[in-house]
Amino acid sequence: MPRYTPGPWKMRPNGELWSYSRGGAPQQVGTMSWTGKAEERDGNSRIIAGAADLCESLDELMLIISQPEVVSAIEDSPRISAKSRMIIENARTSLEEVTGKRLPEWPKRDPHDRRLEST
């Protein structure tokens, strides 16, 4: 994953974007200027504020669904297999776009990712 200011992020009404990292002091990430309707500005700021947590969650989800037992469960269920593959591919593509990193096509996984291995 690329480096970025840790989340969760919050957008203040004045356009300031702040990071409230777990266990750390709040720090300002930047300032945004919006045009358009108030409800659109609010929605846009929520999307940006949630991006860091969403990226981390999606990365962890891709890690879990690439585990052999999960792959087998998805592939062995005709009822969910096709739809699952489409959702997984959309998630993988989105994560590639956000991280700038090429990810293996599901059900392959990054052989260097050791996050779930026992120590």
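Please read all numbers here as calculations on a predicted model, not as lab measurements. (Residues numbered from 1 in each chain as written. Predicted model: local features only at pLDDT ≥ 70, side-chain atom pairs only at ≥ 80, totals over all residues. Heavy atoms only, no water.)

**Brief notes about the packing of aromatic side chains**
We apply this condition: Any two rings among Phe, Tyr and Trp, with Trp reduced to its six-membered ring, count as a pair given centres within 6.5 Å; such a pair is stacked if its planes are under 30 degrees apart, edge-to-face if over 60, and tilted if neither. Look at NZ for Lys and CZ for Arg. If either is within 6 Å of the ring centre and within 35 degrees of the ring normal, a charge sits over the ring.
With the rule as written, the count across this model stands at zero aromatic pairs. Its guanidinium or amino end placed over the ring of Trp-18, Arg-12 lies 4.1 Å from that ring's centre, counting from NZ or CZ.

**A short note on the environment of Lys-10**
Where we set the bar: A run of H or I in DSSP counts as a helix once it spans at least four residues, and a run of E counts as a strand once it spans at least two, with each numbered from the N terminus. Any two residues whose heavy atoms approach within 4.5 Å at even a single point are treated as in contact.
By the secondary structure assignment, Lys-10 is in strand 1 (residues 9–11). When the C-alpha atoms of Lys-10 and Ala-49 are compared, they prove to be 5.2 Å apart, with 39 residues separating the residues in sequence. Every residue in contact with Lys-10, bar those within four places of it in the chain, is listed here: Glu-16, Leu-17, Trp-18, Tyr-20 and Ala-49.

**With respect to unusual backbone geometry**
The residue after Trp-106, namely Pro-107, is reached through a cis peptide bond having omega 15 degrees. In this structure, Pro-107 sits in the segment after helix 3 (78–99).

**Points about helix 1 (residues 38–65)**
Here is the rule: For a helix, the expected span equals 1.5 Å multiplied by the number of residues minus one. Axes are fitted to the seven residues ending at a residue and to the seven starting at it; the angle between these axes is taken as the bend at that residue. Per-residue accessibility, obtained with a 1.4 Å probe over protein chains only, is compared with the maximum for each type, and a residue is labelled buried under 20%, exposed over 50%, and partly exposed between these values.
A rise of 1.5 Å per residue sets the reference length of helix 1, with its 28 residues, at 40 Å; its end C-alpha atoms lie 38 Å apart and thus fit the reference within 8%. Of all the bends in helix 1, the greatest measures close to 45 degrees and is centred on Ala-51. Of the positions making up helix 1, those classed as buried are Ser-45, Ala-49, Ala-52, Cys-55, Leu-58, Asp-59, Met-62, Leu-63 and Ile-65. Looking at the buried positions of helix 1, the neighbouring elements they touch are strand 1, strand 2 (16–19), helix 2 (68–75) and helix 3.

**With respect to the pairing of strand 2**
Condition: Think of it this way: DSSP has to see at least two bridges between two strands before they count as a pair.
With burial as the criterion, each face of strand 2 is covered, one bearing Glu-16 and Trp-18 and the other bearing Leu-17 and Ser-19. Where strand 1 folds back on strand 2, the antiparallel hairpin that results is connected by four residues, among which Gly-15 adopts a positive phi of roughly 95 degrees. In this structure, strand 2 lies alongside strand 3 (residues 27–31), joined through four bridges in antiparallel fashion. Considered in strand 3, the bridge of Glu-16 is made with Thr-31.

**Looking at the packing of helix 1 against helix 3**
Heads up, the rule is: Angular values range over 0 to 180 degrees, each being the angle between N-to-C directions of two axes fitted as lines to C-alpha atoms, with helices fitted over their stretch in contact. Any angle that falls under 35 degrees is termed roughly parallel, while one over 145 is termed roughly antiparallel, one within 65 to 115 roughly perpendicular, and all others oblique. Each crossing gets its handedness from the near helix: less than a right angle anticlockwise from the far helix is left-handed, clockwise is right-handed. Here the term charged refers only to Asp, Glu, Lys and Arg, the term nonpolar to Ala, Val, Leu, Ile, Met, Phe, Trp, Tyr, Cys and Pro, and the term polar to all other amino acids, Gly among them.
Put simply, helix 1 and helix 3 touch, their axes get as near as 10 Å, and they point 135 degrees apart. With respect to their mutual orientation, helix 1 and helix 3 come out oblique. Relative to helix 3, the crossing made by helix 1 is left-handed. In contact with Cys-55, Leu-58, Asp-59, Met-62 and Ile-65 of helix 1, helix 3 contributes Ile-88, Ala-91, Arg-92, Ser-94, Leu-95, Val-98 and Thr-99. Residue composition of the contact of helix 1 with helix 3, grouped by class: eight nonpolar, two polar and two charged.

**A short note on the sheet that holds strand 3**
Strand order in this open sheet of three strands is 1-2-3, and the pairing throughout is antiparallel. Either end of the sheet is taken by a strand with one partner, and the two such strands are strand 1 and strand 3. The sheet shows a mean angle of 25 degrees between the axes of neighbouring strands, direction not considered. Docked against the sheet, helix 1 engages strand 1 and strand 2, running at close to 165 degrees with respect to strand 1.

**Some thoughts on helix 3**
With 22 residues, helix 3 should cover 32 Å at 1.5 Å per step; its first-to-last C-alpha distance of 32 Å lies within 8% of that length. At Ser-84, helix 3 shows its maximal kink, close to 25 degrees. Taken together, the buried positions of helix 3 are occupied by Ser-81, Ser-84, Ile-88, Ala-91, Arg-92, Leu-95, Glu-96 and Thr-99. Among the residues trailing helix 3, Gly-100 stands out with phi positive, at a value near 75 degrees.

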